[in-house]
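Working through the structure, step by step
Given next are the chains, with one letter for each unit.
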Amino acid sequence: MMRVPVSWLKEYVPFDEPIENVAARLVIASCEVDRIVKRGVPDANGNLALYLVGKVVEAGKHPNADRLQLCRVDVGEAELRQIVCGAWNFGAGATVAVALPGAVLPDGQKLEQAKLRGAVSDGMILSERELELGVEHSGILVLDEGPEPGTPLTDVLPLSDDVLELETGHNRPDLLSVYGIAREVAALLDVELAPQPGSDPPRSEDEPVDVQIEDFEGCPRYIGRTFRDVRVGPSPPWLKARLLAAGMRPISNVVDITNYVMLGLGNPLHAFDQAKLGEHRIVVRRALAGEEIRTLDDTVRKLDEQDLVIADADHPVALAGIMGSLQSEVDEQTTDVLLEAANFEPLTIHRSSERLRLRTEGSNRWEKGVDPYLAEQAAKLATELLVDLAQARWTGDVDVRRELPERPVVRLRPERTDLLVGLRTEPDEQRAILERIGFDVAPDWMVTVPTWRARDVTREADLVEEVARFRLDDVPYTLPLRTVMFGRLSKEQRLRRVVEEVLVGCGFSEAYNWSLVPEDDDPHALRLPEPLSADQAVLRTTLRRGLIESAQRNVDAGADDVALFEIARVYLPSGQKLPEERWRIGAIASGGFARAKGALETLHQALKVELSVEAAPQPFLHPGKAARVGSGWVGELHPALLAGSWGAFELDLATLFAAVPDVVHYEDVITYPPVRQDLAFVVAEEVSAGELAAAARAAAGVNLRELRPFDVYRGEQVGPGKKSIAFSVTFQSPEGTLTDEDAAELRHRIVGRLRDAFGAQLRA
């Protein structure tokens, strides 16, 4: 999530277009805009006019309250206003922020004239937090001298702002900065883009900076700058307000400057207390075996030899691109600062971040790929701000690097753009679009890619996409006319649709879940070489996990009758580079085993496939409520996986569909009456009802129309190690009415076969 304060954005690209229109353009051409958030003081109905600069003329203890001050404040009116305040960090002569009665505060509260302990308070002296300009609330906001009493507070402080909340995607790291978004907006609106902010102030000394890079693969560039006489303290309100609006917490001016530059330009920085660095040196290297580091979150982390670290002469002082160490952090006593503006290789940072389960704003940018040419500009902006806001003296500078990568050059054929996009774009317009977003287009259409797009624009098709995204508004809404259509659904596709329709008819809803799951889901699953996260590390070998998580989310949302199914691929190890991909159907439903088995029976009936069920324990199913079927399993989930009674099944579709008959033969309805009986057999505990039913059908032949188990008994009457299974039996012949003798003969065959095969004894 990237949060872009609009006031900050307009510093780089001034525009008059309503922000809603700009957001709509960004959605089409550049990135997702989740929403536009209104921050700070509401600006409707003249509310901002009630916020003024005030001068405290008198300040003293409230006569009736020890913890309150009674102040008389000049807000540019003919008479002073009496205001009661609970803070004591100011006195007479202070310049403050005042809200008059009738003002609406950022939290929606409307300020009214009030009487506090017998004294009228005709307004409110404001703190940072009350204006959403910071987190400080123990004292009021004291302004710098200069503004006259009665000056609109909006002329002094950023009281209100709109914030764009963006989702930028994995392949556009250049959009993870305010300036990157400004570059897109300037191109979309065809307006002027301001130069990148930041310029070097004069350097007061030329002291050496000791930086060594031992691993140029992991760190192609490291700029180190030293600063003396640094005054660490709170940041000014405008800087705090921008950081808060962008989703970061203000800490101190030095730390806030590094975060501000990262958000503004996209290049993460880090500041070390130089006095805490051994021999005042920096070494960029891989971690040594057994090394540890206590990071800024006060956690000791064991390092791997593949981790890239920033070290001093003795030990690591930062996890490169991820987080600094607690022992080298900048604090209130810091006076000497070493500023790091580097460039790190994405894969190295990603591996360490995932292994340590430590993700930061910096690591998020490094692992997507930061422009290697950006470090110098980031260092310039940070230097300018440190000198201005922390009264620092810039005393040393070093830029250690190997040869930076050349800008890619790609040939574009304008006619190819028209062919792939399906929309005519004049060559001059194509050239103008590419130049607006930083590409250099030669007369022979050899296009030089800007450094901030070098990772994702490498071929002609990428250039075509750049042109196409600026023409999406011109694409007609009607689909092209199709005059000819070829092809038809395969047998597997038709059957998958039947499966979907049957389960929907059974009350199930279709779910879509991730194909990537955590590594502990199946130790034999295929692991991605470089997973995006630990939760998406391996290819799933079953649909079960995703369905359980989906069911849990529905329960958490208040649903009390949940039934879900998913038809998707699983990826089984094949011993080769590529996995074996199998289509599966999985389902989960509240209601336990009976509901899952009922849906399974309905599905098999619709496909004209006989359902064979055999008891088979599974570690994820409830003991005694687990079964194997011809193409998978069915049962009741173990309560440790999901609270309550949940039925589930999972089938391999290729195996299931192989049993589906190509031709379904019609059987005439038998009009002769059936003979129904109940048979109960005592058998050993390990004999299943399915085995008995199969043997009975083989013995009785076609005249056994139905054999359905309806009861299982265990107890003293059948003895230990035994059980009694009762069946409801239906005899019926298509050739005539069965006599009692015919039914007795069929019954005799069944009893004899089961006795011989299983030692079954007839109870009834």
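Higher on the page you've got the structure.
Residues numbered from 1 in each chain as written. Predicted model: local features only at pLDDT ≥ 70, side-chain atom pairs only at ≥ 80, totals over all residues. Heavy atoms only, no water.

**Some words on the sheet that holds strand β35 (residues 675-684)**
On the basis of which strands lie adjacent, the open sheet formed by four strands has the order β36-β37-β35-β38 and antiparallel pairing. Bordering the open sheet on either side are β36 (704-713) and β38 (761-762), each of which pairs with just one other strand. Bridge count for β35 against β38 is two bridges, and the pairing is antiparallel. Bridge assignment links Phe681 to a residue of β38, and that residue is Leu762. (Pairing = 2+ DSSP bridges. Helix = DSSP H or I, 4+ residues; strand = E, 2+ residues; numbered from the N terminus.)

**With respect to helix α8 (residues 374-389)**
Between its terminal C-alpha atoms α8 stretches 22 Å, which fits the 22 Å expected from 16 residues at 1.5 Å a residue. All of the buried residues along α8 are Leu374, Ala375, Gln377, Ala378, Ala379, Leu381, Ala382, Thr383, Leu385, Leu386 and Leu389. The elements touched by buried residues of α8 are β13 (221-228), α4 (237-245), α5 (253-265), β21 (337-343) and β22 (393-401). Count one or two residues on from α8 and you reach Gln391, which has phi positive near 50°. (Expected span 1.5 Å × (residues − 1). Buried < 20%, exposed > 50% of the residue type's maximum accessible area, 1.4 Å probe, protein only. Contact = heavy atoms within 4.5 Å.)

**A few points about the sheet that holds strand β24 (residues 440-441)**
Strands sit in the order β23-β25-β24 across an open sheet of three strands; the sheet is antiparallel. Strands at the two margins of the open sheet, each flanked by one partner only, are β23 (409-411) and β24. The sheet contact formed by β24 and strand β25 (residues 446-448) spans two bridges and is antiparallel. Each residue of the ladder has a partner; that of Val441, found in β25, is Val447.

**Re a nonpolar patch on the surface**
Taken together, the side chains of Val27, Ile28, Leu472 and Val475 define a hydrophobic patch exposed on the protein surface, amounting to about 280 Å² of accessible area. With respect to the element layout, Val475 can be found in the loop between α11 (460-469) and α12 (491-505). Val475 sits in the partly exposed class, given a relative accessible area of 39%. (Patch = residues over 30% accessible without salt bridge, like charges linked within 9 Å, V, L, I, M, F, W, Y side chains within 5 Å. Areas by Shrake-Rupley, 256 points an atom, 1.4 Å probe, with all protein chains shown as cover. Salt bridge = Lys/Arg side-chain N within 4 Å of Asp/Glu carboxyl O.)

**Observations regarding α12**
Over its 15 residues, α12 extends 21 Å from the first C-alpha to the last, a length consistent with the 21 Å expected when each residue adds 1.5 Å. If you check which residues of α12 are buried, you get Leu495, Arg496, Val499, Val502 and Leu503. Buried positions in α12, seen along its axis, are confined to an arc of 125° and lie on one side of it. Counted as exposed and oriented over 90 degrees from the buried face of α12: Glu501 and Gly505. Summarising the contacts, the buried residues of α12 are in contact with β29 (563-572), β30 (580-590), α14 (593-607), β34 (646-652) and α15 (653-658). Looking at the residues trailing α12, positive phi occurs at Gly507, about 95°. (Arc of directions from axis to C-beta.)

**Quick look at the environment of Leu308**
Among the secondary structure elements, Leu308 is positioned in strand β18 (residues 308-311). Separated by 23 residues in the primary sequence, Leu308 and Arg285 place their C-alpha atoms 5.8 Å from one another. Every residue in contact with Leu308, bar those within four places of it in the chain, is listed here: Asp215, Gly218, Cys219, Val284, Arg285, Arg286, Leu319, Ala320, Phe344, Thr348 and Ser352.

**Thoughts on the packing of aromatic side chains**
Overall, the coordinates contain six aromatic pairs when judged by the stated rule. Ring geometry for Trp238 and Tyr260: centres 5.6 Å apart, planes at 85°, overall edge-to-face. With Trp238 in helix α4 and Tyr260 in helix α5, this residue pair connects regions lying 22 residues apart in the sequence. An aromatic cluster is present here, built from Trp8, Trp238 and Tyr260 joined pairwise through their rings. Positioned over the ring face of Phe15 is Lys10, at 5.0 Å from the centre of the ring. Against the face of Trp394 rests Arg203, its NZ or CZ located 4.9 Å from the ring centre. (Phe/Tyr/Trp six-rings, centres within 6.5 Å; stacked < 30°, edge-to-face > 60°. Lys NZ or Arg CZ within 6 Å of the ring centre and 35° of its normal.)

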